Amino acid sequence: AEKPKSGRILMQRIDSVNATEAELLETLKRPSQKSPEAILKIVTPIIEDVRKNGDKAVLSYTHKFEKATSLTSPVLKAPFPKELMQLPAETIKAMDTSFENIRKFHAAQGDDKTLQVETMPGVICSRFSRPIERVGLYVPGGTAVLPSTALMLGVPAMVAGCKKIVLASPPRADGSVTPEIVYAAHKVGAESIVLAGGAQAVAAMAYGTESITKVDKILGPGNQFVTAAKMHVSNDTNAGVGIDMPAGPSEVLVIADKDANPAFVASDLLSQAEHGVDSQVILIAVDLNEEQLKAIEDEVHNQAIALPRVDIVRGSIAHSVSVLVKDIDEAMRISNEYAPEHLILQIKDAAKAVDLVMNAGSVFIGQWTPESVGDYSAGVNHSLPTYGFAKQYSGVNLGSFQKHITSSNLTAEGLRNVGSAVMQLAKVEELEAHRRAVEIRIKHMDAQK
Ligand code: NAD
């Protein structure tokens, strides 16, 4: 059907007092995704082709999808030529500020100190972290320029100490990469930029080609082809590659009460709505009267029609909702059930309400904290779990680029202390060699007495 190009831009309303729980959950359901099987059928042959034919296959897909037919190599290796990162001074300054804040916040997440616990006298258990050696960072291309995503993935990889950072991004039709991405790659010390997108980029990094480095983990958002390809290669034990998390369309949930400024609330809703027609935007209005609610709705409409991306906003607002609730507990209950990627608290004593947050990717507290600051420059990461995965996944953080290794170190006394438990459990599990590995040592100690 033809999309409406005019008319009031209005979110649907639902009153939690009159609605049943089932109705409420149905309203908050994410728009369903295309069947993964159909997408897998498209990406599997691409992945196979790249695995077998390497660079030649990668290039042919870039020629096809990006129309970059002049491209003769699928990779750009560091050091990157200065002329490929010519940028206005104000863009450099903004990227440097963001880089530094992201670096500071992620560096503080480090646990360089070995954690050590003596669980019994002479039984010492430790845990320490090591960087993942080679990481592949996917920065979506298409029409958008996303230097922020390159920083959000690249800076923590750099801080973690990953030896090889490979960035992948679909080039423009003339075969070039946007200078912002080259600059970000340079800042984080990336070893190369793969000039490809979609399943071919994912496959190239998962298996390696003649010129593209094989990586140990692939991170970063992308469209459904990228997501399906990541799932596919992570299931192939021969690839030996991990991924960050499943990805879906971006979303925000704003909780607003009487204290909230309607213009601020609307601006946050719209900054999510402009991402794409599949974005989901939810407002939970806490004890607002008709006049207060209408003030927010008016702001949404008036600010929306002045946006360059108003047509996208019409699409996303069409399936977005305002939920009316009586109090903050009810608002938080619904929010925790929905598990939003971004949660914005524009309420009185917002900082206190954080104690009630159980499921969310990232929280934005109080009227002076729009989501945009977290998207770009505050220091928190913007690669976050969507589609309800905030219930079990964390957003990208320093730990995403590390492994934690444990060690145990026992003294003779320690082995005596814990040995009987080990031997008994080995006996129960009928693993005799396990039991004897302890017994043989204890007998040795006894013989030396
Ligand atoms: P993309 O880089 O994700 O995908 C481009 C690739 O898609 C192409 O290189 C091609 O390989 C593949 N492709 C396209 N059509 C295909 C087809 N018919 N068959 C096989 N492969 C095909 O760029 P995009 O498409 O613009 O999508 C960007 C995605 O990134 C969106 O889904 C958006 O939601 C997401 N995004 C995320 C963030 C973030 O979290 N940082 C920001 C902006 C956008």
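Up top is the structure these notes are about.
Residues numbered from 1 in each chain as written. Predicted model: local features only at pLDDT ≥ 70, side-chain atom pairs only at ≥ 80, totals over all residues. Heavy atoms only, no water.

Trainee: Just checking my understanding: could you explain the pairing of strand 12 (residues 321-325) for this structure?
Mentor: Side chains on a regular strand alternate between the two faces of the sheet. Most of strand 12 sits out of view: five of its five residues are buried. Side chains of strand 12 alternate between two faces, with V321, V323 and V325 and S322 and L324 buried alike. Both strand 1 (residues 12-15) and strand 12 contribute to a ladder of four bridges, which runs parallel. Residue pairing across strands places R13 opposite S322, the latter belonging to strand 12. Where strand 11 (residues 280-286) and strand 12 come together, five bridges link them in parallel fashion. Paired with I282 across the two strands is V321, which belongs to strand 12. (Buried < 20%, exposed > 50% of the residue type's maximum accessible area, 1.4 Å probe, protein only. Helix = DSSP H or I, 4+ residues; strand = E, 2+ residues; numbered from the N terminus. Pairing = 2+ DSSP bridges.)

Trainee: Sorry if this is basic, but what is going on with the pattern of salt bridges here?
Mentor: Side-chain pairs of opposite charge can arise whenever the charged atoms involved come near each other. Taken as a whole and assessed by the stated rule, the structure comprises 22 salt bridges. When the shortest N-O distance is used, the salt bridge between E290 and R13 registers 2.9 Å. Highlighted residues: E290 in helix 9 (residues 290-305) and R13 in strand 1, separated in sequence by 277 residues. A relative accessible area of 33% means that R13 is categorised as partly exposed. A salt bridge links E48 to R51, with the shortest nitrogen-to-oxygen separation between them at 3.1 Å. With E48 and R51 both in helix 2 (residues 36-66) and three residues apart, this pair spans about one turn of that helix. (Salt bridge = Lys/Arg side-chain N within 4 Å of Asp/Glu carboxyl O.)

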